[in-house]
Amino acid sequence: MGFPSNMVNDVMRLIVTVLYAGNMTFTETNSGEGCELDENEASLAVSSLLGVSFENLAASLTSRVLFLREGNVTKQLNAKQAYKASEALIKAIYGANFDYIVEMINKSIHQEKEVKKRGERTVSACIGVLDIFGFETFESNTYEQMCINYTNETLQQHFNKHVFKLEQQEYEREGILWKFISFPDNQDVLDLVEMKRVGIMAVLDEQCIVEWGSDDKFVQQLYHRCGGHDRFVATPQQTPYAKFSIEHYAGYVEYSTEEWVEKNKDQLPAASVELIQSSTFDYVGKLQSFVRAEGAGGRGSVAQKSVGAKFMESLRDLRS
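Residues numbered from 1 in each chain as written. Predicted model: local features only at pLDDT ≥ 70, side-chain atom pairs only at ≥ 80, totals over all residues. Heavy atoms only, no water.

A. Here's a closer look at the overall build of the chain. Along the chain, the regular secondary structure elements total 12 helices and 9 strands. In the chain, buried positions account for 37% of the 320 residues. In the chain, of all internal contacts separated by at least 6 residues, the share reaching a separation of at least 24 is 59%. A total of about 18900 Å² of accessible surface is found on the chain, and carbon and sulfur atoms cover 52% of it. (Helix = DSSP H or I, 4+ residues; strand = E, 2+ residues; numbered from the N terminus. Buried < 20%, exposed > 50% of the residue type's maximum accessible area, 1.4 Å probe, protein only. Contact = heavy atoms within 4.5 Å. Areas by Shrake-Rupley, 256 points an atom, 1.4 Å probe, with all protein chains shown as cover.)

Below you can see the structure in the form of structure tokens.
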């Protein structure tokens, strides 16, 4: 792609930062109510490579700002929460770096040329990448498995449409003698996941927008709106544990709804956003627009697409 050597060096520096960040450790304080970032090789390397002070790095990972109507309140995090904050920072930096590189590649190959007769513009070059997922069902399945299995349902439907539906319709139009091939249609599973207002993703997005959204409220709304769907199952044994099952084309899969709201928002806490903004590493400044930031009320703006919404959009683009 002809990336300049300084950009390659910046990307490598950021990757090393991410690797060191995975080795950072925390020590509990105040009987486990709070914690401190250990000042060791890993944390010092992260602060240096990221272009931030150790003190700011420690503060961003061991505390969180709560946006309340009465004013902002800073809450201390315990060690478990600090590790999650560290993981969120790692994911945000790495993800923003990936998105930035993809944008640079798109700009390098994307050239519009005008069709003289109609005055229309067409794209002269395009690269499409499909990362094939394997259908997943484990002892414990959560949001990630839901997205993966939804992708497989989508690809199965796409395959059925082009190999069976459209081909057989073509045979009928041309009067070709053939024997009808029956095949399972999984459109109802896709409707269960992606329908507006009543689909699983729509119900989840609602909880990500409202200030009081939670996993508990999400699962209650899920039982209420999806309970009558033929492919949705929530038994008396599952409901006390906030679980449900979907009858996929490959079989039943049980899902746990723990942390679905946070995973679907996928927002970096405000303290970590401020940390990135304070970086003296110029390359990090270029990535800021790709970071999903937490806003007032602990939520992003309505205009900011959730992970699920972006995921469904990508699959629609793939099928078009």
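B. Representation of the side chain of serine 47 in the model. With respect to the helices and strands, the residue serine 47 is situated in helix H2 (residues 41-50). A polar contact is formed between the side chain of serine 47 and the backbone oxygen of leucine 44, at a distance of 2.9 Å. Apart from residues no more than four positions distant in its own chain, serine 47 is found in contact with Val52, Ser53, Phe54 and Leu57. (Polar contact = N/O pair within 3.5 Å; in protein donor to acceptor, adjacent residues only side chain to side chain.)

C. Broad picture of the sheet that holds strand E7 (residues 232-233). Spatial strand order, E7-E8-E9: 3 strands in an open sheet with antiparallel pairing. The outermost strands of the open sheet, each flanked by one partner alone, are E7 and strand E9 (251-256). As judged from the 6 bridges shared by strand E8 (residues 243-248) and E9, these two strands associate in the antiparallel manner. Residue phenylalanine 244 lies in a different strand from E9, and its bridge partner there is tyrosine 255. (Pairing = 2+ DSSP bridges.)

D. Highlighting the confidence of the model for the chain. Looking at the chain as a whole, the pLDDT averages 87, with 88% of positions reaching at least 70. When pLDDT is averaged over each helix and strand of the chain, the minimum, 54, is found for strand E5 (residues 112-115) and the maximum, 98, for E7. Low pLDDT, under 50, characterises residues 296-303; the stretch is placed with 16 contacts to residues that sit more than four places away or in other chains. (pLDDT = per-residue confidence, 0-100.)

E. Structural detail: the pattern of salt bridges. Counted according to the given criterion, the structure contains 8 salt bridges. Between lysine 91 and aspartate 266 there is a salt bridge; the shortest N-O distance is 3.4 Å. In this pair, lysine 91 is assigned in helix H4 (residues 79-109) and aspartate 266 in the loop between helix H9 (260-265) and helix H10 (270-277), connecting sequence segments 175 residues apart. Among the residues examined, aspartate 266 registers a relative accessible area of 28% and is labelled partly exposed. (Salt bridge = Lys/Arg side-chain N within 4 Å of Asp/Glu carboxyl O.)

F. Structural view of the packing of helix H5 (residues 143-174) against helix H12 (residues 307-319). Their axes nearest at 11 Å, the elements H5 and H12 cross at an angle of 20°. With respect to each other, H5 and H12 are oriented roughly parallel. As H5 runs across H12, the sense of the crossing is right-handed. In this structure, H5 contributes Tyr143, Cys147, Tyr150, Thr151, Thr154, Leu155 and His158 to the contact, and H12 contributes Val307, Gly308, Phe311, Met312, Leu315, Leu318 and Arg319. When grouped by side-chain class, the residues that make up the contact of H5 with H12 number 9 nonpolar, 4 polar and 1 charged. (Axes fitted to C-alpha atoms, helices over the stretch in contact; angles between N-to-C directions. Parallel < 35°, antiparallel > 145°, perpendicular 65-115°, else oblique. Left-handed = near helix turned anticlockwise from the far one by under 90°. Nonpolar A, V, L, I, M, F, W, Y, C, P; charged D, E, K, R; others polar.)

G. Up close: the nonpolar core. Membership of the largest hydrophobic core comes to 36 residues, with the highest contact counts inside it found for Met24, Leu57, Leu89 and Tyr283. Counting residues per element, this core draws most heavily on H4, at 9 residues. Setting aside residues up to four positions removed in sequence, leucine 89 forms contacts with Leu57, Leu61, Leu268, Ser272, Leu275 and Ile276. Ranked by size, the runner-up nonpolar core spans 28 residues in total, among them Ile200, Phe218, Met312 and Leu315. (Core = buried A, V, L, I, M, F, W, Y, C linked by side-chain atoms within 4.5 Å.)

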